[in-house]
Amino acid sequence: RGTLVLAATPIGNMFDASQRLKLLIEHADIVAAEDTRRLYDLANRLHLHVGGSVISYHDHNERDKADDILDQVESGACVLVVSDAGMPTINDPGLAVVRRAIERGLPVTCAPGPSAVLDALALSGLPTDRFCYEGFLPRRHAERVQHLRMLQSEQRTMVFYETLHRIADSIDDVMDAFGPHRRMALCRELTKNYEQIRRGTVDEIRQSIIDDPPRGEMVLVIEGASEDEAIAAAPSSLSTEDLAVLAI
Ligand code: SAM
């Protein structure tokens with residue numbers, strides 16, 4: 001039997017390509033890439049020759065293709081899975097084939113590397129001992145507000161992916177949900193020439209977005225709730241009877 005290998009690719013800086021990624025691009029029997037042109041572009045920039053056959057594997061076909069890919073693994077192929085940037089499965093394709101490999105009892109491993117979540121978290125200066133990754137906030141205002149409300153009592157540092165178009169609206173909703181004083185970091189263009197980390201309170205970052213709208217790719221890292229905030233925001237789990245007893 002062969003192996004399914006997920007590999008992280010650079011999120012901006014080509015020097016972050018690991019030796020293992022390079023060997024896999026050259027020697028895997030099959031490369032399943034989110035966007036095949038992006039794979040060839042990456043290989044060119046790294047001066048590599050893609051040795052095996054290349055198939056496209058993206059959000060819209062990942063369930064259908066998972067079994068075909070794994071049939072190849074079963075018959076001895078080394079299949080590399082890469083997304084456009086960063087770690088496959090992290091807001092990128094990959095999960096369907098990993099799940100199916102586990103169900104079919106086939107070997108699956110990972111060549112780790114760049115991912116914007118950990119890069120932003122480490123640079124934020126906020127607590128890293130406990131954190132949660134929240135992916136992208138919902139697009140629609142009403143759902144975003146509801147989602148942020150659900151996080152009002154979250155005490156872990158929170159990491160969100162964000163887009164250029166929605167950052168101004170999202171930060172308004174963050175301010176409504178969490179208030180102006182929490183510390184946060186807006187991390188943009190990580191590992192690239194124009195990498196920039198803006199650190200401050202929610203209020204300060206909101207103002208900086210108005211004064212100097214950020215461009216490029218970005219991640220928001222937001223401090224979790226203090227114990228007092230968490231207690232104030234958490235819905236009471238006590239019944240009316242419990243409360244009556246406590247009142248005595
Ligand atoms: N799989 C990727 C990873 O492991 O980070 C994430 C892919 S997701 C489709 C793309 C989002 O990741 C961007 O909208 C942005 O929020 C974040 N991102 C990716 N590269 C980034 C970078 N160089 N700087 C800041 N954020 C980045």
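Residues numbered from 1 in each chain as written. Predicted model: local features only at pLDDT ≥ 70, side-chain atom pairs only at ≥ 80, totals over all residues.

**Re the sheet that holds strand β2 (residues 30–33)**
As a reminder of what qualifies: Each pair of strands is called paired provided DSSP finds at least two bridges between the two strands. Here a helix means four or more residues in a row that DSSP labels H or I, a strand means two or more in a row labelled E, and each is numbered from the N terminus. Structural elements are reduced to axes, namely lines fitted to C-alpha atoms, with helices fitted over the stretch in contact, and the angle between N-to-C directions of any two is expressed from 0 to 180 degrees.
Here five strands make up an open sheet; going across it, the order is β3-β2-β4-β1-β5 and the pairing parallel. Two strands close off the open sheet at either side, each with one partner strand: β3 (53–56) and β5 (108–111). Recorded for the sheet is a direction-independent mean angle of 25° between the axes of neighbouring strands. One ladder, built from four bridges, connects strand β1 (residues 3–7) with β5; its direction is parallel. Residue pairing for β5: Leu6 is matched across the bridge by Cys110.

**Side note on the site of the ligand**
Convention followed: Nearness rests on one distance test: the residue's C-beta atom, set from the backbone, must lie within 6 Å of the molecule or strand. Residue polarity is assigned by list, with Asp, Glu, Lys and Arg as charged and Ala, Val, Leu, Ile, Met, Phe, Trp, Tyr, Cys and Pro as nonpolar; anything else, Gly included, falls into the polar class.
By nearness alone, 24 residues border the ligand, and Gly86, Ser115, Ala116, Tyr161 and Leu190 come closest of all. Going through the elements one at a time, α5 (116–124), β7 (157–162), β8 (183–188) and β10 (218–222) are the ones with two or more residues in the shell around the ligand. Residue composition of the shell around the ligand, grouped by class: eleven nonpolar, seven polar and six charged.

**Some thoughts on helix α1 (residues 19–27)**
Convention followed: Our exposure labels follow a C-beta count within 10 Å of each residue's own C-beta, placed from the backbone: buried means 20 or more other C-beta atoms, exposed means 12 or fewer, and partly exposed covers the counts in between. Note: the arc covers the axis-to-C-beta directions of the helix. In this description, any two residues whose backbone-derived C-beta atoms lie within 7 Å of each other are considered to be in contact.
Taken residue by residue, α1 has Leu21, Leu24 and Ile25 as its buried positions. Looking straight down α1, one finds that the buried residues subtend no more than 100° of arc, so they occupy a single side. α1 presents Gln19 and His27 as exposed residues on the side facing more than 90 degrees away from its buried surface. Contacts made by the buried residues of α1 are with β1, β2, α2 (36–45), β4 (78–82) and β5.

**Quick look at the pairing of β10**
Extensive coverage of β10 is indicated by the burial of five of its five residues. Of the two faces of β10, both are covered, the one formed by Met218, Leu220 and Ile222 as well as the one formed by Val219 and Val221. Pairing geometry for β8 and β10, over five bridges, is antiparallel. Bridge assignment links Ala185 to a residue of β10, and that residue is Val221.

**Observations concerning the UniProt feature "domain: Tetrapyrrole methylase" (unreviewed entry) in the chain**
Applicable threshold: UniProt positions are given in the numbering used here, feature names are shortened, and annotations may be inferred rather than shown by experiment.
In this numbering, the UniProt entry assigns the feature "domain: Tetrapyrrole methylase" (unreviewed entry) to residues 3–205. Secondary structure over residues 3–205 splits into 38% helix and 23% strand, and the C-alpha atoms at its two ends are 45 Å apart.

**Things to note about the sheet that holds β7**
With respect to topology, five strands assemble into an open sheet ordered β6-β7-β10-β8-β9, the strand pairing being mixed. Each edge of the sheet is formed by a strand with only one pairing partner; in this case those strands are β6 (131–136) and β9 (196–201). Along the sheet, successive strands turn relative to each other by an average axial angle of 15°, direction set aside. Along the sheet face, α5 touches β6, β7, β8, β9 and β10 and points at about 130° away from the line of β8.

**Some points on unusual backbone geometry**
Positioned with a positive phi, His47 is a non-glycine residue whose angle comes to about 55°. When you line up the elements, His47 lands in the loop between α2 and β3. Among the residues examined, His47 registers 8 C-beta atoms within 10 Å and is labelled exposed. One non-glycine residue, Thr89, lies in the positive phi region at around 80°.

**Some details on the packing of helix α7 (residues 167–178) against helix α8 (residues 202–211)**
Geometrically, a packed helix pair is captured by the angle between its two axes and the distance between the axes. Operational definition: Angle categories: roughly parallel below 35 degrees, roughly antiparallel above 145, roughly perpendicular from 65 to 115, and oblique for all the rest. Should the near helix be turned counterclockwise from the far one by less than a right angle, the crossing is left-handed, whereas a clockwise turn marks it as right-handed.
Viewed as axis vectors pointing N to C, α7 and α8 meet at an angle of 160°, and their least axial separation amounts to 10 Å. Considering their axes alone, α7 and α8 lie roughly antiparallel with respect to each other. Crossing of α7 over α8 shows left-handed handedness. Only Val202, Asp203, Ile205, Arg206 and Ile209 of α8 make contact with α7, whose side of the interface consists of Ile167, Ala168, Ile171, Val174, Met175 and Phe178. Tallied by class, residues from the contact of α7 with α8 come to nine nonpolar, no polar and two charged.

**Description of the packing of helix α3 (residues 62–74) against helix α4 (residues 95–104)**
At a minimum axis separation of 9 Å, α3 and α4 run at an interaxial angle of 45°. Viewed along their axes, α3 and α4 adopt a mutual orientation that is oblique. Regarding α3 and α4, the two cross each other, and that crossing is right-handed. Here α3 contributes Glu62, Arg63, Ala66, Asp67, Ile69 and Leu70 to the contact with α4, which in turn contributes Ala96, Val97, Arg100, Ala101 and Arg104. Residue composition of the contact of α3 with α4, grouped by class: six nonpolar, no polar and five charged.

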